[in-house]
Amino acid sequence: KAATPPAVSTKPAQAAAKPVKAMTAEEKKLTVEGALRDWAAAWSQQNASAYLSFYGTNFAAPGGDRGAWEEQRRDRVTKPEFIKVELGKISVDLDGNLAKARFSELYESNVLKGTYKKYLVLELEEGAWKIVSEK
């Protein structure tokens, strides 16, 4: 009986881990702004699952019931015929793994239209900025 040749991996060899350059404060602020714009885009696309994915495990749900809050948000994100959310004048202050963001939110749907001042606190969670508080 002929010997079976050794298996050859078709996976590329992993490169040696390189240290990741620490982000500057300005770069961190830009990643926070990017997360906020992606959150607004998910909301505008009425993609409730994507929208809710921007909220961290430490999010302080109004009323304290995360499940009820998520159910209400799913309804509000998906029910209107259309939603358009634009953010303006974003200001970000960093404090370690927390980012405090202030901005104006222009919200428009077939049900409601308005401009609101928003204040969100985001926390770095598994490499992504997640909302933990909003006012």
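Values in this document were obtained by computation on a predicted structure and should not be read as measured data.

Chemist: Please give an account of the pattern of salt bridges that cites residues and values.
Modeler: Close approach of charged atoms allows side chains of opposite charge to pair. Under the defined criterion, the tally for this structure stands at four salt bridges. In this structure, arginine 66 engages glutamate 70 in a salt bridge whose closest nitrogen and oxygen atoms are separated by 2.8 Å. Of the two residues, arginine 66 and glutamate 70 are both situated in helix H3 (residues 66-78); the distance of four residues between them amounts to about one turn of the helix. Given the relative accessible area of 25%, arginine 66 is considered partly exposed. Taking relative accessible area as the criterion, glutamate 70 reaches 23% and is therefore assigned partly exposed.

Chemist: Go over the sheet that holds strand S1 (residues 83-95) with me, naming the residues and quoting the values.
Modeler: Hydrogen bonds along the backbone pair up the strands of a sheet, which may run parallel or antiparallel. What the four strands build is an open sheet, ordered S1-S2-S3-S4; its pairing is antiparallel. Strands at the two margins of the open sheet, each flanked by one partner only, are S1 and strand S4 (128-134). Put simply, the sheet's adjacent strands are angled 35 degrees from each other on average, direction ignored. Pairing geometry for strand S3 (residues 113-125) and S4, over six bridges, is antiparallel. Within the sheet, the bridge partner assigned to leucine 120 lies in S4 and is glutamate 134. Most of the contacts of helix H1 (residues 25-44) go to S1, to which it runs at about 155 degrees, and overall it touches S1, strand S2 (98-109), S3 and S4.

Chemist: Describe a nonpolar patch on the surface, with residues and values.
Modeler: Together, Val111, Leu112 and Tyr116 give the surface a local cluster of nonpolar side chains, amounting to about 290 Å² of exposed area. Inspection of the secondary structure puts tyrosine 116 in strand S3.

Chemist: Outline the environment of proline 80, listing residues and values.
Modeler: Locating proline 80 in the fold gives a position in the loop between H3 and S1. Residues proline 80 and glutamine 46, 34 residues apart in the sequence, show an inter-C-alpha distance of 8.6 Å. Apart from the residues within four sequence positions on either side, proline 80 is in contact with Gln46, Asp75, Tyr107, Ser109, Asn110 and Val111.

Reading the values: rules and limits
- Throughout this document, residue positions are counted from 1 along each chain, in the order its sequence is written.
- Confidence filtering applies because this is a predicted model: local features only for residues at pLDDT of at least 70, side-chain atom pairs given and counted only at 80 or more, and all residues used for totals across whole chains, interfaces and linings.
- The basis for every side-chain value is the complete set of non-hydrogen atoms in the structure, without hydrogens or water.
- Should a side-chain nitrogen of Lys or Arg be within 4 Å of a carboxyl oxygen of Asp or Glu, the pair is scored as a salt bridge.
- Helical segments are the DSSP runs of H or I of at least four residues, strand segments are the runs of E of at least two, and each set is numbered from the N terminus.
- To sort residues, take the accessible area from a 1.4 Å probe on protein chains only and compare it with the maximum for the residue type: under 20% means buried, over 50% means exposed, and anything in between is partly exposed.
- We call two strands paired when DSSP finds no fewer than two bridges between them.
- All axes are obtained by fitting lines to C-alpha atoms, using only the stretch in contact for helices, and the reported angles, taken between N-to-C directions, cover 0 to 180 degrees.
- Contacts are assigned to residue pairs that have any heavy atoms within 4.5 Å of one another.
- To count toward a patch, a residue needs a relative accessible area over 30% and no salt bridge; like charges are then connected within 9 Å, while nonpolar side chains (Val, Leu, Ile, Met, Phe, Trp, Tyr) are connected within 5 Å.
- Only the protein chains shown count as covering a residue, and every accessible area follows the Shrake-Rupley method with a 1.4 Å probe.

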